[in-house]
2 protein chains.
Amino acid sequence: MIKNDEYFMSLAIKQAEIALKKDEVPIGAIIVKDNKIISKGYNVRESKNDALGHAEIVAIKKACKKLNSWRLCGCKIYVTIEPCLMCAGAIVQSRIDEVIFGSYDTKGGAFGSNIDITKISNLNHYPKVTNGVLKEKCQSIIKNYFKQKREVKKCQNH
Amino acid sequence: MIKNDEYFMSLAIKQAEIALKKDEVPIGAIIVKDNKIISKGYNVRESKNDALGHAEIVAIKKACKKLNSWRLCGCKIYVTIEPCLMCAGAIVQSRIDEVIFGSYDTKGGAFGSNIDITKISNLNHYPKVTNGVLKEKCQSIIKNYFKQKREVKKCQNH
């Protein structure tokens, strides 16, 4: 198995699939350093009643613990969907070298969609940003989730 | 004791003073609902080696747990210093009604200094923002902290 961006993103997708099984918005994240997985996370906002329970935050918290450092220099984060403002801010705070995401979040994405935080001056860190890795798969999981949610709602209102 | 903004900010300052004793950047936060304290937090980034260990994040996490909800509607957060991008994003995510801070953070503040996130369109929540409550005291704690740090460094390099 070649450990390239597609490989690590496929693992982030597996995390999203765990979230899906728990009826959470299916988003997953993986943090990698020197080609080794440091931590994994999936969205737990509803099940843990935690506003901070986004996949990226879960993975960053675990990575800090594992590396015993708040500085995640040398790390990359793979996320299925473009991070929101909070998660983009957490990536800046943790000094993660690179963020690789699958699909844009046209509504709330903070790396180019709704806002591009890398265009904000004076931040104390700017990660490299790559997008579109396994885009279709990342997008379809979340699209299907919301489609199903809408159908259930329609059915209930019938 | 009148439970006004100054009262709650003075409690946030007490949290900042705990951080100071632990040699952390002295920032404190308090979350209040219906004039009752829901949670407290102070900066633990260094002592807990946690990039997410800002005062606001600590307080939001505890508040979600206490109220058993990721939605902190009806809550206000008092912070001694203007929140950064991550914390501002967390305030949006947790739907906190109002953020009241003491002193501006001219370098990294996300409610008017470096950026004003309330000017970003399409966010799913916009808190009311108030600043300048017990400004001098909030500012002096952090200024003295950094001044002392610089003096220690100067002494070491002498």
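Quick look at the structure, then. (Residues numbered from 1 in each chain as written. Chains lettered and ligands numbered in written order. Predicted model: local features only at pLDDT ≥ 70, side-chain atom pairs only at ≥ 80, totals over all residues. Heavy atoms only, no water.)

### Here's the deal with unusual backbone geometry
Here is step 1 of the chain: Its identity is not glycine, yet A:Asp23 carries a phi of approximately 60 degrees, on the positive side.
Here is step 2 of the chain: Structurally, the position occupied by A:Asp23 is in the loop between helix H1 (5–21) and strand E1 (28–33).
Here is step 3 of the chain: A:Asp23 gets classed as partly exposed once you look at its relative accessible area, which sits at 43%.
Here is step 4 of the chain: Phi at B:Asn122 takes a positive value of approximately 70 degrees, unusual for a residue other than glycine. (Helix = DSSP H or I, 4+ residues; strand = E, 2+ residues; numbered from the N terminus. Buried < 20%, exposed > 50% of the residue type's maximum accessible area, 1.4 Å probe, protein only.)

### Topic: the sheet that holds strand E3 (residues 75–81) of chain A
Residue and element names in this part refer to chain A.
Here is step 1 of the chain: Here five strands make up an open sheet; going across it, the order is E2-E1-E3-E4-E5 and the pairing mixed. Two strands bound the open sheet, and with one partner strand each, they are strand E2 (36–42) and strand E5 (128–131). In this sheet, adjacent strand axes meet at a mean angle of 15 degrees when their direction is disregarded.
Here is step 2 of the chain: Strand contacts of helix H2 (residues 55–67): E1, E2 and E3, with the helix running at about 140 degrees to E2, the strand carrying the most contacts. (Pairing = 2+ DSSP bridges. Axes fitted to C-alpha atoms, helices over the stretch in contact; angles between N-to-C directions. Contact = heavy atoms within 4.5 Å.)

### Considering the pairing of E1(A)
All names here are of chain A.
Here is step 1 of the chain: Counting buried residues in E1 gives five out of six residues, a clear majority hidden from the surface.
Here is step 2 of the chain: Taken together, the six bridges between E1 and E2 define a ladder with antiparallel strand orientation. Paired with Gly28 across the two strands is Tyr42, which belongs to E2.
Here is step 3 of the chain: Relative to E3, E1 runs antiparallel, the two being bridged by five bridges.

### Here's the deal with the interface of chain A and chain B
Here is step 1 of the chain: At the interface, 30 residues of chain A touch 30 residues of chain B.
Here is step 2 of the chain: For the pair chain A and chain B, the summed buried surface comes to about 2,600 Å²; carbon and sulfur atoms form 61% of the total.
Here is step 3 of the chain: Considering only the side of chain A, the residues that lose the most area to chain B are A:Asn49, A:Trp70 and A:Leu85, jointly responsible for 24% of the buried surface there.
Here is step 4 of the chain: Seen at the junction of chain A and chain B, the total is two salt bridges.
Here is step 5 of the chain: On inspection of chain A and its partner chain B, the count reaches twelve residue pairs in polar contact (both at pLDDT 80 or more).
Here is step 6 of the chain: Broken down by secondary-structure element, the contributors of at least two residues to the side of chain A that touches chain B are H2 and helix H3 (85–93) of chain A. (Buried area = accessible area lost by both parts, 1.4 Å probe. Salt bridge = Lys/Arg side-chain N within 4 Å of Asp/Glu carboxyl O. Polar contact = N/O pair within 3.5 Å; in protein donor to acceptor, adjacent residues only side chain to side chain.)

### Some thoughts on the environment of B:Cys73
Here is step 1 of the chain: When you line up the elements, B:Cys73 lands in the loop between helix H2 (55–67) and strand E3 (75–81).
Here is step 2 of the chain: Considering only alpha carbons, one finds B:Cys73 and B:Lys33, 40 residues apart in sequence, at a separation of 8.7 Å.

### Concerning the sheet that holds strand E5 (residues 128–131) of chain B
All names here are of chain B.
Here is step 1 of the chain: Ordered in space as E2-E1-E3-E4-E5, the five strands form an open sheet in which the pairing is mixed. Edge positions in the open sheet fall to strand E2 (36–42) and E5, since each of these has one partner strand only. With direction set aside, neighbouring strand axes in the sheet form an average angle of 15 degrees.
Here is step 2 of the chain: Pairing between E3 and strand E4 (residues 98–103): five bridges, direction parallel. The residue of E4 that forms the bridge with Ile81 is Ser103.
Here is step 3 of the chain: Docked against the sheet, helix H4 (residues 135–157) engages E3 and E4, running at close to 65 degrees with respect to E4.

### With respect to the nonpolar core
Here is step 1 of the chain: One finds A:Ile31, A:Ile60, A:Ile117, B:Ile31, B:Ile60 and B:Ile117 to be the most contacted residues of the largest nonpolar core, which totals 76 residues.
Here is step 2 of the chain: What A:Ile117 contacts, discounting residues up to four positions off in sequence, is A:Leu85, A:Ala88, A:Val92, A:Ala110, A:Phe111, A:Leu123, A:Tyr126 and B:Leu85. (Core = buried A, V, L, I, M, F, W, Y, C linked by side-chain atoms within 4.5 Å.)

### Focus on the packing of H2(B) against helix H3 (residues 85–93) of chain B
Residues and elements named next belong to chain B.
Here is step 1 of the chain: At a closest axis distance of 9 Å, the pairing of H2 and H3 adopts a crossing angle of 25 degrees. Considering their axes alone, H2 and H3 lie roughly parallel with respect to each other. Between H2 and H3 lies a crossing whose hand is left-handed. Here Glu56, Ile57 and Ile60 of H2 lie close against H3, whose contacting residues are Met86, Cys87, Ala90 and Ile91.
Here is step 2 of the chain: Looking at the contact of H2 with H3 residue by residue, the class counts come to six nonpolar, no polar and one charged. (Parallel < 35°, antiparallel > 145°, perpendicular 65-115°, else oblique. Left-handed = near helix turned anticlockwise from the far one by under 90°. Nonpolar A, V, L, I, M, F, W, Y, C, P; charged D, E, K, R; others polar.)

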